[in-house]
Amino acid sequence: MVDLAAHNVSKTMNQVNESHRFKIGTFDCTVVSDGTFTYTPPTFPPPTTFLFANAQKEDLAQALHAHNLDPEKWTEWISPYLCLVIDTGENIVLVDTGADGLGPSTGKLLQNLQSNGISPGDIDTVILTHGHPDHIGGNTTSEGGSAFPDARFVMWKDEWDFWNSEEAELKLEHGKEVLLGFARGNLPPIRDQIDLVEHETEIVPGVHAIAAPGHTPGHMALAVSSEGDKLLCVSDAFLHPIHMEQPGWHAAVDFAPKQVADTRRRLLDMATGEKVLVFAFHFAFPGLGFVTWNGKVCRWQPIDAGKTRCK
Ligand SMILES: [Zn+2]
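Quick caveat: nothing in here was measured; it's all calculated off a predicted structure. (Residues numbered from 1 in each chain as written. Predicted model: local features only at pLDDT ≥ 70, side-chain atom pairs only at ≥ 80, totals over all residues. Heavy atoms only, no water.)

Student: Explain the coordination of the zinc ion to me, and be specific about the residues and the numbers.
Tutor: Looking at the metal site, the zinc ion is ligated by Asp 134 (OD), His 135 (NE2), Asp 236 (OD) and His 282 (NE2), spaced 2.0 to 2.1 Å from it. For the zinc ion, the 4 donor atoms in the first shell make angles of 89 to 164° at the metal, a pattern classed as irregular. Written as a sequence motif, the donor arrangement for the zinc ion is D-H-x100-D-x45-H. With His 135 in helix α4 (residues 133–136) and His 282 in the loop between β13 (277–279) and β14 (288–294), this residue pair connects regions lying 147 residues apart in the sequence. (Donors = N, O, S within 2.8 Å, 3.2 Å for Na, K, Ca; no water. Tetrahedral: all angles 85-135°; square planar, octahedral: opposite > 155°, others 65-115°. Helix = DSSP H or I, 4+ residues; strand = E, 2+ residues; numbered from the N terminus.)

Student: Residue-level account of the side chain of His 219, with values.
Tutor: Among the secondary structure elements, His 219 is positioned in the loop between β10 (207–211) and β11 (220–226). Separated by 3.0 Å, the side chain of His 219 and the backbone nitrogen of Asp 236 make a polar contact. When sequence neighbours within four positions are dropped, the list of residues in contact with His 219 reads Thr 129, His 130, Glu 159, Ile 210, Ala 211, Ala 212, Pro 213, Val 234, Ser 235, Asp 236 and Ala 237. (Polar contact = N/O pair within 3.5 Å; in protein donor to acceptor, adjacent residues only side chain to side chain. Contact = heavy atoms within 4.5 Å.)

Student: Please set out helix α2 (residues 57–66) residue by residue, giving values where relevant.
Tutor: Buried within α2 we find Leu 60, Ala 61, Ala 63 and Leu 64. The buried residues of α2 all sit within an arc of 165° when viewed along its axis, so they share a single face. In α2, the exposed positions that point more than 90 degrees away from the buried face belong to Glu 58, Gln 62 and Ala 66. Directly beyond the C-terminal end of α2, a positive phi value near 60° is found at Asn 68. (Buried < 20%, exposed > 50% of the residue type's maximum accessible area, 1.4 Å probe, protein only. Arc of directions from axis to C-beta.)

Student: So what's going on with the side chain of His 215? Which residues, and what values?
Tutor: In this structure, His 215 sits in the loop between β10 and β11. A distance of 3.3 Å separates a polar atom in the side chain of His 215 from a polar atom in the side chain of Asp 236. A distance of 2.7 Å separates polar atoms of two side chains, one belonging to His 215 and the other to Asp 254. Setting aside residues no more than four positions away along its own chain, His 215 makes contact with His 130, His 132, Asp 236, Leu 239, Val 253, Asp 254, Phe 255 and Val 260.

Student: Explain helix α9 (residues 257–273) residue by residue, including any values.
Tutor: End to end, α9 covers 24 Å across 17 residues, agreeing with the expected 24 Å (1.5 Å per residue, within 8%). Every buried residue of α9 is accounted for by Val 260, Ala 261, Thr 263, Arg 264, Leu 267, Leu 268, Ala 271 and Thr 272. Buried residues along α9 cover an arc of 165° about the axis, so they all sit on one side. What points out from α9, more than 90 degrees from its buried face, is the exposed set Lys 258 and Gly 273. (Expected span 1.5 Å × (residues − 1).)

Student: How would you explain the pairing of strand β4 (residues 77–87) if you had to name every residue and give the values?
Tutor: Across the 11 residues that make up β4, a large majority, 9, are buried. Inspection of the sheet shows strand β3 (residues 27–39) paired to β4 by 11 bridges, in the antiparallel sense. Paired with Ser 33 across the two strands is Leu 82, which belongs to β4. Where β4 folds back onto strand β5 (residues 92–95) in an antiparallel hairpin, the turn is made up of 4 residues, including Gly 89, whose phi is positive at roughly 95°. (Pairing = 2+ DSSP bridges.)

Student: Describe in detail the sheet that holds β3, supporting the description with residues and values.
Tutor: Spatially, the 7 strands line up as an open sheet ordered β2-β3-β4-β5-β6-β7-β8, and their pairing is mixed. Where the open sheet ends on each side, the last strands, each with one partner, are β2 (19–24) and β8 (194–197). Across this sheet, the average inter-strand angle for adjacent strands is 25°, counted without regard to direction. Pairing geometry for β5 and strand β6 (residues 125–127), over 3 bridges, is parallel. Bridge pairing in β6 places Leu 94 opposite Val 126. (Axes fitted to C-alpha atoms, helices over the stretch in contact; angles between N-to-C directions.)

Student: Break down the nonpolar core for me, with residues and values.
Tutor: Counting 47 residues, the largest nonpolar core has Phe 52, Phe 148, Trp 163 and Leu 187 as its most contacted members. Within the residue set of this core, elements represented by two or more residues are β3, α1 (47–51), α2, β4, α3 (109–115), β7 (152–156), α5 (157–163) and α7 (176–186). For this core, the element with the highest residue contribution is β4, accounting for 4 residues. What Trp 163 contacts, discounting residues up to four positions off in sequence, is Gly 131, His 132, Ala 168, Leu 172, Leu 179, Leu 180, Ala 183, Leu 187 and Thr 216. Formed by 28 residues, the second largest nonpolar core is a distinct cluster that contains Leu 82, Val 95, Val 154 and Ala 209. (Core = buried A, V, L, I, M, F, W, Y, C linked by side-chain atoms within 4.5 Å.)

Student: Give me the environment of Phe 281: which residues, what numbers.
Tutor: Tracing the backbone shows Phe 281 in the loop between β13 and β14. C-alpha of Phe 281 to C-alpha of Trp 77: the two residues are 204 residues apart in sequence and 14 Å apart in space. In this structure, Phe 281 is in contact with Pro 80, Tyr 81, Leu 82, Cys 83, Asp 96, Asp 134, His 135, Ser 235 and Asp 236, ignoring residues within four places of it in sequence.

Student: Which residues make up the environment of Ile 210, and what are the values?
Tutor: Checked against the element boundaries, Ile 210 lands in strand β10. Its relative accessible area of 7% is what places Ile 210 among the buried residues. Setting aside chain neighbours within four positions, we find Ile 210 in contact with Trp 156, Glu 200, His 219, Met 220, Ala 221, Leu 222, Ala 223, Arg 266, Leu 267 and Met 270.

Student: How would you sum up the sheet that holds strand β15 (residues 297–302)? Please name residues and give values.
Tutor: Adjacent strands of a sheet form backbone hydrogen bonds with each other and so pair up, either parallel or antiparallel. If you trace the 7 strands from one edge of the open sheet to the other, you get β9-β10-β11-β12-β13-β14-β15, paired in mixed fashion. Edge positions in the sheet fall to β9 (202–204) and β15, since each has one partner strand and no second. For this sheet, the mean angle separating the axes of adjacent strands, direction not counted, is 35°. Bridging between β9 and β10 involves 2 bridges; their strand directions are antiparallel. Looking at the pairing, Val 204 lines up with Val 207 of β10.

This is the structure:
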């Protein structure tokens, strides 16, 4: 069993589960929801093919049943969009900016930050794990300027180059217009604030960039550590807990499926090698849990936020 007390997991009670506070060593961390988005046909393929594009039907049905999902009745994927604030004492870091403008139930990041007493000016570092709409959509204000004018933005160089090149125009398939629209609206306005990383490096003390390509060309994970406590932010390397069980089942939106599988296996090794809390952007709120081996298969073990101490 995982000892939650060792991770000092605590929760700020919030009626609609829009934030969740916890500690990593001396770092104060807060999961802050940007809202949820419903992926539903005909705009998107049904979740079974959207999330597990290459899975064999029988194998997938078995995996889904184990998660109490009926493949015939699971017609829409309602995904949380979960950002993260890490207050290290030296820096206040925001990981991803949500999807302002994508739908009526997204774009709640700023108001949920305010509810936690955090204003945009408090944030000195914004890490963009990749350039998809749900991760960069809150970069700018409705007037088109930077929503975090005093912050240093950090992104992997391959990712920035991809979205600012014709390569994106040529190579994207699924949802191309929306993807390009968000990239064009949310990346050029922060051009003067961007700091690109090209190798695995420390972004601020205690927060390391981990190369996790595949979902997008320069997708980035993060390793956070303080006083021996560790948090691994996997972002979209895993969109659903079943991806941890079946790292070879890629999503329709994964840019390079073979690379996705390699990245997932490396992250699973990191998550299971020593006890590491894992944070996944699209998993059920608050997106936190542990990965454990069950025979030869990894399993997601979400923290039971309801049982943790309320402040
Ligand atoms: Zn995403």
